[in-house]
Amino acid sequence: MLRKKGSEPLQDREVLLDLDYTGEPRGADCYGSLQNGGFIPPRYLNAVAGEEEDDPLCVHCEKTPNPRARFLGSYFRDGRTKIDYVLVWEVKSHRKRKAHGKGQREREELGEPEQGVQEESRSERRKAQLARWRDRFINNLQIAGLLLEKEESCSAKKTIHYLKLSAPWEVLVFYAEELSLRAPLQAQPHPDFNTSAQILQKFYVPNVLAETVPNRPVDYYTCAFRKSKMEKFLGCGDHENYFTDTQRHRIVYEILARTVYGKRKRAEVGVARLLKEGAFKAAFPLHDGPFELPACEIPPDQLNRRQVLYHYWARWSKWYKYQPLDHIREYFGEKIALYFAWLGFYTAWLLPAAIVGTFVFVSGIMTMGSNTPAREICESGGHYLMCPLCETCKPWNISDICPMAKVGYLFDHPGTVFFSVFMSFWAVTFLEYWKRKNATLAHHWDCMDFHEEEEPPRPEFAAMAPAMEENPVTGVKEPYFPEKARLSRMLTGSMVIIVMLSVVIIFLVTVIIYRSIVSVMMYETGSSVLRTQAGNIANISSSMVNLALILLMGQVYTALAEQLTKWEMHRTQTQYEDAFTFKVFIFQFVNFYSSPFYVAFFKGRFVGYPGHYGTLFGMRNEDCGPGGCLIELAEQLFIIMMGKQLINNVQEFVIPKVKAWRQKQSLASVKKSQSGQEPQPWEQDYELIECEGLFDEYLEIVLQFGFITIFVAAFPLAPLFALLNNWAEVRLDAHKFVCEYRRPVAERAQNIGVWFIILEALSHVSVIVNAFLIAFTSDFLPRLLYKYKFDNDLNGYVNFTLAYAPPSYNYSSHGVCRYKAFRDENGNYTLVYWELLAVRLGFIIAFEHVVFFVLRAIDWMVPDIPESLEVKIKRERYLAKQALADNQEALLVCSFHVDNL
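Here goes a summary of the coordinates provided. As the structure is a computational prediction, the values presented were derived from the model and not from experiment. By convention here, each chain's residues receive numbers from 1 onward along its written sequence. Predicted model: local features are reported for residues with pLDDT of at least 70 only, side-chain atom pairs are reported and counted for 80 or more only, and whole-chain, interface and lining totals are derived from all residues. Hydrogens and waters are ignored; side-chain quantities use all the structure's heavy atoms.

1. Some points on the overall build of the chain
And step 1. Helix and strand counts for the chain come out as 30 helices and 16 strands.
And step 2. Throughout, exposure labels follow a simple rule: accessible area from a 1.4 Å probe, protein chains only, divided by the maximum for the residue type, with under 20% read as buried, over 50% as exposed, and the rest as partly exposed. By residue count, 51% of the 901 residues in the chain fall in the buried class.
And step 3. Between two residues, a contact is recorded if the distance between any of their heavy atoms is within 4.5 Å. A sequence separation of at least 24 residues applies to 77% of the contacts in the chain between residues at least 6 apart.
And step 4. A 1.4 Å probe and the Shrake-Rupley method give the accessible areas. Residues count as covered only by the protein chains that appear here. Put simply, the chain shows about 42,900 Å² of open surface, and 59% of that area lies on carbon and sulfur atoms. Only DSSP runs of H or I with at least four residues qualify as helices, and only runs of E with at least two residues qualify as strands; both kinds are numbered from the N terminus onward.

2. A closer look at the packing of aromatic side chains
And step 1. For Phe, Tyr and Trp, where Trp contributes only its six-membered ring, two rings pair if their centres lie within 6.5 Å, and the inter-plane angle classes them as stacked under 30 degrees, edge-to-face over 60, or tilted in between. As enumerated under the stated definition, the model contains 63 aromatic pairs in all.
And step 2. When the ring of Trp349 is compared with that of Tyr433, the centres are 5.8 Å apart and the planes differ by 35 degrees; the resulting orientation is tilted. Here Trp349, found in helix α11 (residues 334-366), pairs with Tyr433, found in helix α14 (residues 414-444); they are 84 residues apart in sequence, far enough to count as distant.
And step 3. Relative accessible area serves as the criterion here: at 22%, Trp349 is assigned to the partly exposed category.
And step 4. For Tyr433, a relative accessible area of 35% translates into the label partly exposed.
And step 5. It is Lys164 that lies over the ring of Trp682; its NZ or CZ is 4.3 Å from the centre.
And step 6. Sitting over the face of the ring of Tyr829, Arg823 holds its NZ or CZ atom 4.2 Å from the ring centroid. Counting as a charge over the ring demands two things of the Lys NZ or Arg CZ atom: a distance within 6 Å of the ring centre and an angle within 35 degrees of the ring normal.

3. Topic: the environment of Leu501
And step 1. By the element assignment, Leu501 lies in helix α16 (residues 483-524).
And step 2. Take Leu501: its relative accessible area is 19%, and that puts it in the buried class.
And step 3. In sequence terms Leu501 and Gln588 are 87 residues apart; their C-alpha atoms lie 9.4 Å from each other.
And step 4. Residue contacts for Leu501: discarding those within four places in its chain leaves Ile586, Phe587 and Val590.

4. Some thoughts on the sheet that holds strand β6 (residues 282-284)
And step 1. What makes two strands pair is DSSP finding at least two bridges between them. The sheet built from four strands is open, its strands ordered β2-β3-β1-β6 with antiparallel pairing. Taken across any chain shown, the strands that pair with only one partner, and hence form the sheet edges, are β2 (147-154) and β6. The sheet shows a mean angle of 20 degrees between the axes of neighbouring strands, direction not considered.
And step 2. Angles run from 0 to 180 degrees between N-to-C directions of axes, and those axes are lines fitted to C-alpha atoms, restricted for helices to the stretch in contact. Across the sheet, helix α7 (residues 245-258) touches β1 (85-92) and β3 (158-166), and the angle it forms with β1 is around 50 degrees.

5. Notes on the environment of Ala156
And step 1. Take Ala156: it is sitting in the loop between β2 and β3.
And step 2. Between the C-alpha atom of Ala156 and that of Ser669, which follows or precedes it by 513 residues, the distance is 7.7 Å.

6. A closer look at the nonpolar core
Generally speaking, soluble globular proteins have nonpolar side chains that are buried together.
And step 1. The term nonpolar core refers to a set of buried residues drawn from Ala, Val, Leu, Ile, Met, Phe, Trp, Tyr and Cys, joined through side-chain atoms within 4.5 Å. Grouped together as the largest cluster of nonpolar side chains are 124 residues, with contacts concentrated most on Trp313, Phe332, Trp342, Trp426 and Leu633.
And step 2. Of all the elements, α11 adds the most residues to this core, at 16 residues.
And step 3. Not counting chain neighbours up to four residues away, the residues in contact with Trp342 comprise Phe430, Trp434, Tyr698, Ile701, Val702, Ile752 and Leu759.
And step 4. Ranked by size, the runner-up nonpolar core spans 41 residues in total, among them Ile138, Leu146, Cys223 and Leu274.

7. So, the pattern of salt bridges
And step 1. Only one rule defines a salt bridge in this text: a Lys or Arg side-chain nitrogen within 4 Å of an Asp or Glu carboxyl oxygen. Taken as a whole and assessed by the stated rule, the structure comprises 35 salt bridges.
And step 2. Linking Glu151 and Arg77 is a salt bridge whose minimum nitrogen-to-oxygen distance equals 3.2 Å. Linking Glu151 in strand β2 with Arg77 in the loop between α2 (42-45) and β1, this pair joins segments that are 74 residues apart in sequence.
And step 3. In this structure Arg77 comes out as buried when scored by relative accessible area, which is 10%.
And step 4. Between Arg258 and Glu178 there is a salt bridge, with the nearest N and O atoms lying 2.5 Å from each other. In this pair, Arg258 is assigned in helix α7 and Glu178 in helix α5 (residues 169-178), connecting sequence segments 80 residues apart. One exposure class covers both Arg258 and Glu178, and it is buried.
And step 5. Three or more residues joined by partner-sharing salt bridges are found here, namely Lys82, Asp245, Asp288, Arg305, Glu330 and Arg743.

8. Section: the pairing of β1
The two faces of the sheet receive side chains in turn, since in a regular strand these alternate between them.
And step 1. A large share of β1 lies buried, amounting to six of its eight residues.
And step 2. As paired strands, β1 and β3 are joined by eight bridges and run antiparallel to one another. Across the sheet, Val88 pairs through a bridge with Tyr162, a residue of β3.
And step 3. Bridging between β1 and β6 involves three bridges; their strand directions are antiparallel. Residue pairing for β6: Leu87 is matched across the bridge by Ala283.

9. Quick look at the state of the cysteines
And step 1. Throughout, disulfides are identified as pairs of cysteine sulfur atoms within 2.5 Å of each other. Following the criterion strictly, the structure yields two disulfides and no others.
And step 2. Between the sulfur of Cys378 and that of Cys402 lies a disulfide, 1.8 Å long from S to S. On the S-S bond that ties Cys378 to Cys402, the torsion sits near 90 degrees, and the link is right-handed. In this pair, Cys378 sits in helix α12 (residues 372-379) while Cys402 sits in helix α13 (residues 402-408), placing the two residues 24 residues apart along the sequence.
And step 3. Looking at Cys402, the relative accessible area reads 16%, which means it is buried.
And step 4. With its sulfur 1.9 Å from that of its partner, Cys387 forms a disulfide with Cys817. For the disulfide bridge between Cys387 and Cys817, the dihedral angle about the S-S bond is near 85 degrees, and by the sign convention the bridge is right-handed. Here the residue Cys387 occupies a position in the loop between β7 (385-386) and β8 (396-397), and Cys817 occupies one in the loop between β15 (802-804) and β16 (818-820), the gap between them amounting to 430 residues.

10. A short note on the pairing of β2
And step 1. Of all eight residues making up β2, seven are buried, and the element is well covered by its neighbours.
And step 2. When β2 meets β3, the two strands line up antiparallel, connected through eight bridges. Within β3, the residue paired with Ser153 across the bridge is Ile160.
And step 3. Hairpin connection, β2 to β3: the antiparallel pair is bridged by three residues.

11. A look at helix α26 (residues 780-789)
And step 1. The set of residues buried in α26 consists of Leu781, Pro782, Arg783, Leu785 and Tyr786.
And step 2. Looking at the buried side of α26, the elements it contacts are α12, α25 (754-777), α27 (797-801) and α28 (831-861).

12. A short note on α28
And step 1. Between its first and last C-alpha, α28 extends 45 Å over 31 residues, near the 45 Å set by a 1.5 Å rise per residue.
And step 2. All buried positions along α28 are accounted for by Val832, Leu836, Arg840, Phe843, Ile844, Phe847, Glu848, Val851, Phe852, Leu855 and Ile858.
And step 3. On the buried face of α28, the contacting elements are α14, α25, α26 and α27. Here, expected helix span is obtained from the residue count minus one, scaled by 1.5 Å.

13. A look at the packing of α14 against helix α23 (residues 695-710)
And step 1. Where α14 contacts α23, the two axes come as close as 9 Å, and the packing angle between them is 145 degrees. The residues of α23 that touch α14, namely those facing Met423, Trp426, Ala427 and Phe430, are Phe705, Ile708 and Thr709.
And step 2. Nonpolar residues are Ala, Val, Leu, Ile, Met, Phe, Trp, Tyr, Cys and Pro. Charged residues are Asp, Glu, Lys and Arg, and all others, Gly as well, are polar. Of the residues assigned to the contact of α14 with α23, the class counts are six nonpolar, one polar and no charged.

In structure tokens, the structure reads:
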């Protein structure tokens, strides 16, 4: 092992931050044991790798023909030392390198150019540099106090090295205090966070959503760990199990992130940069074991935690069960658990929205027969001769659009107005209650007072920063990039964003022109069916084209935004992620919503009137279809929203399978050479794919939230489709994390971060957009005005909305035609138009003020922290004060004497 029994590990963090430290390791004459039990003397640890040795750590050992571990599981070979982390690197076998050397000599004999030789020489020098970095990094891990043990998997082509890391008790205690890990003071009953379970229990209704999940983690009152108060904490005598696996992983990763391997001027620090440089192929904590259930039946409480998550959470048959959030948090950490808690909470809240939206849609179907304007259109016959829809088209009768007039009522009736108001209240109420849920979970998971410590610089920032300056918080010299230069780069990056947004608008104009061309082609066919359905055919086909462009542009811009954010030189990972999130969301917002915004607020607004039509590139501006713009908006939302969700779900199912297959193919030669041997846990986990984080998952659901709130007046079924998608999304994500991803490092978090700010912004934007949608796109207000001024039953409404073409626009063979507008015979706006405009503006002002006032009232009435939680917080602080108070007895005696005086 690394150190002799009873020796103390080096516990000075300055050593880890000293980039020029070259001290010899303490302890035994090895950094760890090899497969055959051999040791590596210290003199070889700092050896420079020559051309004939890519891996100085194993070149002096002899390999046994059948190197098998003596203990199966997440332990060293002694069966007692836990494996907290695994580092992996690959080295080409000597046979292949000798073949390269032979080929080089043959080229020299044949007098071939030296370019290939120079390239191979650069490659060899690069390999030697990586080997030196890796050598020193491992040496410094030993100095930091970690226990190391090495395994190898060999084939004719390459050797895969697995370095197992374990943190001994002394190292765990030291870093637990430095990282302010939470320590248990007193066990408490598990709280019930499921509101639905409490409601069903009150009404004595059986709860089919509930399920008993074995081995639920114990809930404790906790406080920050302090070594001097060790005896105050529960279970402090059990060194083996006192720290949870996620805490051990976090501590070891902290050491890996701080450990140096190069020079100060280059800030060569941390395993993250070594992974990017290629010195290591992977770094990960081990899963608890296989996720498959054993062939023989065993008691549920004997399943490992990964099997519990798979059996009770990740399987498709558990789609209607509560998520075991405590188990998820225990295994993956608070950051991932909060994502699944938020996704589950949002999905549960979608249920009432989906029910109300479906009810509104069904009520529209049931009341279609009472739609007087649609009945007038269907019964008009040849009474209303409409002006041609294109330059070469013929006049048409309004009765031709009878089916579309009936269908348009489904998306434009008084119920949709009610639903838009309902969804505005729903969105803000959802966010308010999520604050309460988030606060409860943050306290339950001991991260309510968590704040990111002063973060170290990102590896890319450290590598590219031009100067070093002292950090005002830590006092340590760190890489520095001038703020003015960063602001200049951010301004340049914003210009690039504007250019990309302009590209999106150009594509939108292209789709508009495509739609106009398809419509004209449909009209010119002469077919009555194609002529009446021309608008629908053009709208549906253009929506599919638009979806393809949206997905393509999204992929291109995400890659561009990543490079832009790196170029802006953000110091910390948090700053980098926030900047990247902002860029991608702004672009995706415009990318996804520009076409619906155009249909909702611009299409049909600049048409003009007969004889004076507006044009775009020589073509007449688009007008709304026979059923109105709302039905076209609903078609676009359905195709874009459902198409994106379907494609994303297919990608989430297929892409991890493909990546896993490619990873297994790359390891096929090694597995073939070890046929007949049972693979070890670190080998099985290395076959899995790297966890890609939560950014794409959050972005997908946040964009969905925008679809169901911003344009909900036109698409009341959107919450239902979102609900169905999210039921599948939870299981897809759960399956990826449990079965297909390597285990990520458990990260702490107290909320969902910048995404909550984006959700709040979307909820407020939705109120404004829905107000304008009802006022200017829907026929709700024109019908309301007509009821008030003329007829409560809307008799004659169709004639009210149609204007006569100017006399100059005369068709001698057909007479004067009609078009939809509030204009006189000269094309000027009538008094009704201005009255309706005043009503629309008044409605927007009233709608926004009433809704925002109620929203503020909801915000005031619903506290962010439940009253019961405040009591628990006070109780925990009291226990922490009692446990950690110095000279507690002396204080009690002193207070007793004061009282007697």
